[in-house]
Amino acid sequence: MIRQAEPADLAALAEIERAADGMFVPLGIVFPPGTTVIEECDDPGRVIVAGRPPVGFALLGVVDSLTHLEQIAVHPDHGNQGIGTRLLDAVCTTAKKSAQADTAAVTLTTFRDVPWNAPWYARRGFRVVHPHEWGPELTTLVEHERALGIEVAPRVVMRKDL
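Residues numbered from 1 in each chain as written. Predicted model: local features only at pLDDT ≥ 70, side-chain atom pairs only at ≥ 80, totals over all residues. Heavy atoms only, no water.

1. As for the sheet that holds strand β5 (residues 105-111)
Logical step 1: Read from one edge to the other, the open sheet built from seven strands follows the order β1-β2-β3-β4-β5-β7-β6, with strand pairing classed as mixed. In the strand order of this sheet, the two ends are held by β1 (2-4) and β6 (127-129), each with one partner. Strand-to-strand twist of the sheet, defined as the mean angle between neighbouring strand axes without regard to direction, takes the value 35°.
Logical step 2: The strands that helix α1 (residues 10-21) touches are β2 (47-50), β3 (56-63) and β4 (66-74); relative to β4, the one it contacts most, it runs at about 75°.
Logical step 3: The sheet strands contacting helix α2 (residues 83-98) are β1, β2, β3, β4, β5 and β7 (155-161), and the helix crosses β4 at an angle near 160°. (Pairing = 2+ DSSP bridges. Helix = DSSP H or I, 4+ residues; strand = E, 2+ residues; numbered from the N terminus. Axes fitted to C-alpha atoms, helices over the stretch in contact; angles between N-to-C directions. Contact = heavy atoms within 4.5 Å.)

Have a look at this one:
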């Protein structure tokens, strides 16, 4: 079941994110220490979850007036069941509903060479967006990720027009 997060859901989501991040370790990708992305969110209105209790989530923001997927994570115990795809579909539906004027799109940053990152998004209609196409907020976001040490492997910006 894909649904809007409730305040009580937020506390459990950090463990899902940490477990999903553990899938990167065998690839040599280790995230910098600190809080998870979801731990920095205190607004359940920005979060879509899968399950009750949640087994996955998508965290949304707005960058350059477009919906930005800040994080999508599914607990590895529930992987390969289509949960990530259903969450991404819900993100796209939300973006369409909240679009300003006729501009409906979702942007994200992700690892270029990780099979369940950029290639996965590409199969779902996302394309790589080159730096000259980035808006000012997206540029600042990418620079911020680099400063935090998140660029531990080649990353790309992607976009899907809806």
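2. Focus: the environment of Val49
Logical step 1: Inspection of the secondary structure assignment puts Val49 in strand β2.
Logical step 2: On the basis of relative accessibility, which here comes to 0%, the residue Val49 falls in the buried class.
Logical step 3: Beyond its immediate stretch of four places on either side in the chain, Val49 contacts Met1, Ile2, Arg3, Gln4, Ala5, Asp9, Leu13, Pro54, Gly56, Phe57 and Leu87. (Buried < 20%, exposed > 50% of the residue type's maximum accessible area, 1.4 Å probe, protein only.)

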